[in-house]
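Observations on chain architecture
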Amino acid sequence: MPVSNFVNPADLVRFLPEIILTVMGTLLMVLDPVLHKRSSYAFGHLSLLGLAAALVASVYAFRDPGPAFGGMLMVDGFATFFRVLVIGVGILTILPSYRFLARHDAETSEYHALLLYSIAGQCLMVSANELIMIFLGLEISSIASYILAGYLRDDKRANESALKYFLLGSFATGFFLYGVAFIYGSTGTVNLTSVHAALTGPNAPSPVFVGVAAALMFVGLAFKVSAAPFQVWAPDVYQGAPTPVTAFLSAGPKAAAFAIFLRIFMTSFQPIANGWEPLVWGSALLSMTIGNFAALLQSNVKRLLAYSSIAHAGYVLVALTARSDVGTAAAMFYLAAYAFMNVGAFAVVSHLSGRGERYQNVDDFAGLGQKQPLTAAMLTIFLLSLIGVPLTGGFFGKFYIFKAALESHLVWLTVLGLLNSAVAAYYYLRLLVMMYMHEPSEAATNAEPLSFGLSAALILPALGTLVLGIFPSWVLEFAGRSSNLVK
Amino acid sequence: MPSSITEVYFPVLVQGVIAIVLAAALIVLSYVLGKRVKNKIKDTPYESGITPTGDARSRFSVKFYLVAMLFILFDIEAIFLYPWAVVYRELKMFGFIEMLVFVVLILSGFFYIWRKGALDWSYSDRARGKR
């Protein structure tokens, strides 16, 4: 391969969000041991600034879409959509973190640096067009997330959470990498477009090896999106991790993993779609069923939301099973709506849980509507959206997914999915009833007033949820235009 | 010249069989013919003639692992420098700038662990404070 002696400036512009996030993360990392002052909010402000700059850079990079670095990156509408999404999740994670970190005497810049690194990894993942780049992004994102899960290192459950996440996560990444090795072995390329060409070309490799590769990569990715039967880690990790981190884990890395799931399976593996469709079909059904039925039995809100996030991964897999551009667009829309409502719901948990995260039970939400009407109202919006009630983003998310599934003649999966959403309504409603129809609990009485950061962390996602529910076409149109991935 | 796959690999098979037979024979023969003395001194681990002092399964300070991990990081950095040095002339300014970025990132990590006290062996956990 000829070596180019200069980097194309256009490539750098397309890579700008990752550059900004890395530089800002490194700056924050070296600031910590220099500034011995702990109490200031400066670290949070700096990382918000970095994320805002990266957000602008993502949008700016989209003014001139195209491949970068010899086809290793592909900055298209799809990549931009997910970049904005994961950076947005980052901003919504930092807002409730101010109070949370102060409450636990844990205001270090490492927290923010790791968060920025993780988001940089996710930005790389969603814009990568090559399996090795995807793997690199996945690892950058995952390793930072493992550390974040155990960030409160004096907390035993946080340690358990980080260790479980690390061991199982690296195991799953191993599966993914093994699949990549099979693809390289049988097609001689790791570029997604070239893999697609090799599979459709005259000298198509043995379907056995490609099938094994797709299955192995499916295992790795299903773990990352916490889809059944690779979901067992999620409740333990989500429960033990600091709540703002849980909010982040359940939205950012998940959306990015779904982005590469869609990109790999809808471009490279699109020629063998008949082979992988039953796998995804089964996983979608299992995730929805296991997630929703296990959530019925939970008394801990973080575990409840963890099981609900498994179920929601199932809904998105239904969109992937449809294997059409309409399905891809529906999945993109759903992930945006899901990010808003889930991060918002976790922000409420983080607000209410108190020092040492004592109050995490469903009972602790009793009487919140009486003591803190605004917090309760916001949580109501998120829960209604998670159920899928009209006028919220969750409703249109489910609507588009099942519409795409019906268009692809997946009648049974649609019926079972809809039955599942009916089951799910029960445990979300239980939380609502607890908030409005019970006497105030100790937690609701002792809850501190909403800080500025927390109000923003509740109102912004609530607005997002409502906007997606009332004007869904704004986002759906963009998703529809960018869902036609380059093959 | 041997032609078929069987012919090419036949010597390998012969060698494998000989290796297994020889190894098995040695173990069986020493078991059958050897003298066996059982006593406490014979069961102690061989430490090149020095009397064993204690159990090897004691707890090590986590600092050993920390230093080992940091060593691997900088070791790998050095490995990356070798191929770069080989093609330095062809890469010209591009290679220089890319390597500069890499080294600056590594150095900022080095600065971080240095200021955090990870390289200071006598720096106790108590002095570092809770976090």
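Quick summary incoming for the structure in this document. (Residues numbered from 1 in each chain as written. Chains lettered and ligands numbered in written order. Predicted model: local features only at pLDDT ≥ 70, side-chain atom pairs only at ≥ 80, totals over all residues.)

Section: the overall build of chain A
In terms of regular secondary structure, chain A is built from 21 helices and two strands. Since a compact globule built from 487 residues should have a radius of gyration of about 23 Å, the 21 Å found for chain A is in line with a globular shape. Counting the 487 residues in chain A, one finds 59% classified as buried. (Helix = DSSP H or I, 4+ residues; strand = E, 2+ residues; numbered from the N terminus. Rg over C-alpha atoms; globule rule 2.2 N^0.38 Å. Buried ≥ 20, exposed ≤ 12 C-beta atoms within 10 Å, placed from the backbone.)

A closer look at the overall build of chain B
Within chain B one finds five helices and zero strands. When the elements of chain B are put in sequence order from the N terminus, they spell out α-α-α-α-α. Taken over the C-alpha trace, chain B has a radius of gyration of 28 Å; the compact-globule value for 131 residues is 14 Å, which it surpasses by more than 25%. Dimensions of chain B, computed from C-alpha atoms along their principal axes, come out at roughly 65 × 60 × 25 Å. For chain B, the residues scored as buried account for 0% of the 131 residues in total.

Description of the packing of helix α13 (residues 301-321) of chain A against helix α18 (residues 411-437) of chain A
All names here are of chain A. At their nearest, the axes of α13 and α18 sit 11 Å apart, and the two run at 160° to each other. By the angle between their axes, α13 is roughly antiparallel relative to α18. Helix-helix and strand crossings are classified by hand; for α13 and α18 the assignment is left-handed. From α13, L304, S308, A311, Y315, V318 and T321 reach across to α18, where they touch L413, G417, N420, A424 and Y427. Residues belonging to the contact of α13 with α18 are distributed by class as follows: seven nonpolar, four polar and no charged. (Axes fitted to C-alpha atoms, helices over the stretch in contact; angles between N-to-C directions. Parallel < 35°, antiparallel > 145°, perpendicular 65-115°, else oblique. Left-handed = near helix turned anticlockwise from the far one by under 90°. Contact = placed C-beta atoms within 7 Å. Nonpolar A, V, L, I, M, F, W, Y, C, P; charged D, E, K, R; others polar.)

Some details on unusual backbone geometry
Residues and elements named next belong to chain A. Cis geometry is found at the peptide bond from A228 to P229, where omega equals 0°. Structurally, P229 can be placed in the loop between α9 (207-224) and α10 (233-240). In this model, S226 sits at a positive phi of 50°, which is unusual for a non-glycine residue. Summarising the element assignment, S226 is placed in the loop between α9 and α10. Given 28 C-beta atoms within a 10 Å radius, S226 is considered buried. Of note in this structure, R323 is not a glycine but carries a positive phi near 35°.

Concerning the nonpolar core
All names here are of chain A. Judged by nonpolar contacts, the single largest core of 186 residues is most densely connected at F333, Y334 and L335. Element by element, the count of residues in this core is highest for helix α14 (residues 325-352), at 21 residues. The residues touching F333, leaving out its near neighbours within four places in the chain, are F396, G397, Y400, V475, L476 and A479. (Core = buried A, V, L, I, M, F, W, Y, C linked by C-beta atoms within 7 Å.)

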